[in-house]
Amino acid sequence: MADKPTIYVLNGPNLNLLGMREPEIYGHDTLDDIAGQVEDAAQDAGVSVDFRQSNHEGHLVDWLHEANALEAKAVLLNAGAFTHTSVALYDAIKSISIPVIEVHLSNPHAREEFRRHSYVGMAAKGSIAGFGGNSYLLALKAALDLAGL
Ligand code: DQA
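Residues numbered from 1 in each chain as written. Predicted model: local features only at pLDDT ≥ 70, side-chain atom pairs only at ≥ 80, totals over all residues. Heavy atoms only, no water.

Trainee: Report on the nonpolar core, specifying residues and quantitative values.
Mentor: Inside soluble globular proteins, nonpolar side chains tend to come together where they are buried. Counting residues in hydrophobic clusters, the biggest one holds 24 residues, and the most contacted among them are Val 38, Phe 51, Leu 76 and Tyr 136. When contributions to this core are tallied by element, the ones reaching two or more residues are β1 (6-11), α2 (31-45), β2 (48-53), β3 (74-78), β4 (100-104) and α6 (134-146). Not counting the four nearest positions on each side in its chain, Val 38 is found in contact with Val 9, Val 49, Phe 51, Tyr 136, Leu 137 and Leu 140. (Core = buried A, V, L, I, M, F, W, Y, C linked by side-chain atoms within 4.5 Å. Buried < 20%, exposed > 50% of the residue type's maximum accessible area, 1.4 Å probe, protein only. Helix = DSSP H or I, 4+ residues; strand = E, 2+ residues; numbered from the N terminus. Contact = heavy atoms within 4.5 Å.)

This is the structure in structure tokens:
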């Protein structure tokens, strides 16, 4: 049987601390809790999820390239603070042909001024932000729709 279609879910710096980190902004779910919710929804849809986190910008760049090379159906990318600083992530997203969906737990537009600019959003297919862990599930739905799955 052919491999299931795969969706990468990539998480950037400090997201390993979810649950403990500013819970009034990011909620009480850990990243493992969110991974479990996304994996359950993906299983129902018949797709595999490759869910990863790194505090290092270059890992996210490498994983975007890998997702493209392995013909993943889409990438859901919560780049954390690199969202607002990383020309390398902008270039990586522009360099690949699979869709990237920007994800945030919080709504960066309703926070500090420096969060209003997003290099990721400038290159991504679209953005989902402000719904806590549910942002990931909404982004998964968008990715499945885009891929016709
Ligand atoms: C975040 C928003 C970013 O501004 C912040 O730097 C994060 C988390 C979010 O999911 O709401 O680390 O990406």
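From this point, the discussion proceeds with the structure in view.
Trainee: Requested: an account of the environment of Ala 45, with residues and values cited.
Mentor: Within the secondary structure layout, Ala 45 lies in helix α2. When the C-alpha atoms of Ala 45 and Asn 16 are compared, they prove to be 26 Å apart, with 29 residues separating the residues in sequence.

Trainee: With reference to specific residues and values, describe the pattern of salt bridges.
Mentor: In this structure the tally under the stated criterion is 6 salt bridges. Arg 115 is paired through a salt bridge with Glu 112; the nearest N and O atoms lie 2.6 Å apart. Taking relative accessible area as the criterion, Glu 112 reaches 34% and is therefore assigned partly exposed. With its nearest N and O atoms 2.9 Å apart, the salt bridge here joins Lys 141 to Asp 145. On the criterion of helical spacing, the pair formed by Lys 141 and Asp 145 is a turn pair, its members being 4 residues apart in helix α6. A relative accessible area of 49% means that Lys 141 is categorised as partly exposed. Among the charged side chains, a network of salt bridges with common partners joins Asp 50, Arg 52 and Glu 66. (Salt bridge = Lys/Arg side-chain N within 4 Å of Asp/Glu carboxyl O.)

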